[in-house]
Amino acid sequence: MLAELIHPIAAMDHREWEFRPRPSNGGPDTCLRKLTYQAFEAPQKNQHGRFLVVLDDSSWHEELVVQWLERTVFHLHSRQLRIACGTTIWKGHRQTINGQIDGIITDLFGTDRLLEIKAIEHFTFQRYEDGTYPTNYFTQVVFYIVGVLTLNPELREALLLIKNKNQSAFLEYRLRYHPEEDRLTVVEITHSNGTHTFPNQEFIGLYRQALARFAVLETHREAGSLPIRPYIDANNFHCDYCPFRKLCWEGFTRIPLAGQQPMRAELIPLAQEFVDIDDRLGPLEKRWKEIKQQFQLELRATGRQSLYGGGYAVDSTVSSQNRLDESLLPTALVARSKRPRPIEKISIRKIHTTKHVESATDTPTALAS
Ligand code: SF4
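Residues numbered from 1 in each chain as written. Predicted model: local features only at pLDDT ≥ 70, side-chain atom pairs only at ≥ 80, totals over all residues.

Enquirer: How do you make sense of the overall build of the protein chain when you look at a structure like this?
Expert: Within the protein chain one finds 10 helices and 14 strands. Oriented by its inertia axes, the alpha-carbon framework of the protein chain measures out at about 65 × 65 × 60 Å. When each of the 369 residues of the protein chain is scored for burial, the buried share is 18%. Here the contacts in the protein chain between residues at least 6 apart in sequence split such that 64% fall between residues at least 24 apart. (Helix = DSSP H or I, 4+ residues; strand = E, 2+ residues; numbered from the N terminus. Buried ≥ 20, exposed ≤ 12 C-beta atoms within 10 Å, placed from the backbone. Contact = placed C-beta atoms within 7 Å.)

Enquirer: I keep staring at the packing of helix α1 (residues 6–13) against helix α3 (residues 49–69) and nothing clicks. Help me out?
Expert: The description of two helices packed together rests on the angle between their axes and the distance between the axes. Orientation of α1 relative to α3, taken along the N-to-C sense of each, is 80 degrees, at an axis distance of 7 Å. Considering the angle they form, α1 stands roughly perpendicular to α3. Of the residues in α3, those in contact with Ile6, His7, Pro8, Ala10 and Ala11 of α1 are Gly49, Arg50, Leu52, Val53 and Asp56. Classifying every residue of the contact of α1 with α3 gives 6 nonpolar, 2 polar and 2 charged. (Axes fitted to C-alpha atoms, helices over the stretch in contact; angles between N-to-C directions. Parallel < 35°, antiparallel > 145°, perpendicular 65-115°, else oblique. Nonpolar A, V, L, I, M, F, W, Y, C, P; charged D, E, K, R; others polar.)

Enquirer: Please clarify how the site of the ligand should be interpreted in this entry.
Expert: What surrounds the ligand is the set Cys31, Arg33, Lys34, Tyr37, Arg229, Tyr231, His238, Cys239, Cys242, Phe244, Arg245 and Cys248. For the shell around the ligand, the secondary-structure elements that each account for two or more residues are α2 (32–39), α7 (237–240) and α8 (245–249). It is α2 that contributes the most residues to the shell around the ligand, 3 residues altogether. The class makeup of the residues in the shell around the ligand is 7 nonpolar, 1 polar and 4 charged. (Near = placed C-beta within 6 Å.)

Enquirer: Help me out: how do you make sense of the environment of Thr135 in this one?
Expert: Among the secondary structure elements, Thr135 is positioned in helix α5 (residues 135–149). Along the primary structure Thr135 and Gly27 are separated by 108 residues, whereas in three dimensions their C-alpha atoms are 6.5 Å apart. Thr135 has contacts with Gly27, Pro28 and Asp29, leaving out every residue within four places of it along the chain.

Enquirer: Got a minute to help me understand helix α9 (residues 268–302) in this structure?
Expert: Each turn of an α-helix holds 3.6 residues, which means side chains three or four residues apart point in the same direction. Taking 1.5 Å per residue as the helical rise, α9 with its 35 residues ought to reach 51 Å, and the 51 Å between its terminal C-alpha atoms agrees with that figure. Of all the bends in α9, the greatest reaches close to 30 degrees and is centred on Leu281; the proline Pro283 follows between one and four positions later. Of all 35 residues that make up α9, 0 are buried, and the element is exposed over most of its length. (Expected span 1.5 Å × (residues − 1). Bend = angle between axes of the 7 residues up to and from the residue.)

Enquirer: Quick question: what am I supposed to make of the packing of α5 against helix α6 (residues 206–223) here?
Expert: Axis separation between α5 and α6 bottoms out at 9 Å; the angle between their running directions is 100 degrees. Taken as axis vectors, α5 and α6 run roughly perpendicular relative to one another. Each of Phe138, Thr139, Val142, Phe143 and Val146 in α5 lies in contact with α6, whose residues at this interface are Leu206, Tyr207 and Ala210.

Enquirer: Whenever I open this one, the domain arrangement of the protein chain confuses me. Can you help?
Expert: Examined at the domain level, the protein chain breaks down into domain 1 (3–213) and domain 2 (259–310 + 347–369). Put simply, the middle of domain 1 and the middle of domain 2, counted by C-alpha atoms, are 34 Å apart. (Domains from an automatic or database assignment.)

Next comes the structure, spelled out in structure tokens:
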């Protein structure tokens with residue numbers, strides 16, 4: 001009676017914001033091609049009501065977090081303060097990049113820190129727990145610190161507080177920013193389960209790179225061109241949730257690659273790093289397999305599921321997977337069901353001679369492509 005009503009109402013009430021460069025879309029994990037479609041106001045798939053309700057839920061989660069924080073000894077103020085976080089060229093004019101912060105939180109010693117609250121679903125939260133850094137959120141925080149510095153030149157730290165909407169677990173990143181070098185340091189990560197880590201991980205140039213992306217975006221907007229797709233195919237979660245997926249990949253055919261050209265200079269250290277890792281990986285993997293096999297034999301010989309000792313444990317777990325047994329199907333059906341699937345293999349190796357062949361560099365595709 002009621003369950004079917006909420007999503008359509010959310011979809012009906014939805015209004016698209018006018019697109020412009022913002023602190024929240026400057027991060028390196030956002031597809032530049034998607035931003036370009038937004039800049040063109042290209043037709044997008046109607047946002048599904050359920051997705052809009054999920055977004056709305058996140059805002060309410062963030063509000064609830066604020067209510068909990070207000071009951072602590074920390075003083076939360078400057079809520080939803082509007083700030084100017086820099087400038088960029090947009091639609092041919094210099095434009096301020098505006099931001100709105102969740103607040104500033106002051107501890108008992110009077111130290112102010114910017115506070116940014118996020119509420120996200122379980123699987124993304126898990127990736128962050130496992131060590132992936134939320135670089136888009138870091139970029140947003142950097143923009144906000146740049147903005148707040150104009151009002152409070154002492155503020156250098158931020159707390160990025162992320163809530164797992166499914167389990168109410170929290171991850172807190174204490175971040176320090178050095179605007180002179182555009183350097184963000186992850187000083188401390190605190191989990192609500194009581195663990196603290198001090199990674200001292202640095203991110204250099206998040207602000208500069210975001211401004212550079214906005215400049216590239218403006219170039220595409222003006223030229224009516226699209227940046228190349230940053231993914232091999234549409235089978236990734238960025239494209240799965242993208243409202244331009246159909247438009248972007250429709251009629252896409254992979255152009256057969258041919259010819260050679262000199263590598264861009266900034267890619268050479270990457271190729272070198274790959275070859276170095278590859279040289280070490282081969283013998284290591286061989287040894288890794290040998291050791292694993294030895295333990296497998298030991299477990300079978302002893303008939304035990306686990307071995308332990310010296311602070312180590314070896315466990316055997318058995319799981320099952322459902323696989324199609326082709327031998328049970330009619331041969332004609334198996335033959336009809338098979339489709340060729342291109343498999344792309346990249347090899348990187350050290351060479352001793354360089355062949356120079358003239359070739360065009362990577363050019364942006366036209367809007368229609
Ligand atoms: S479908 Fe994928 S590649 Fe295309 S714009 Fe969206 S996120 Fe980018």
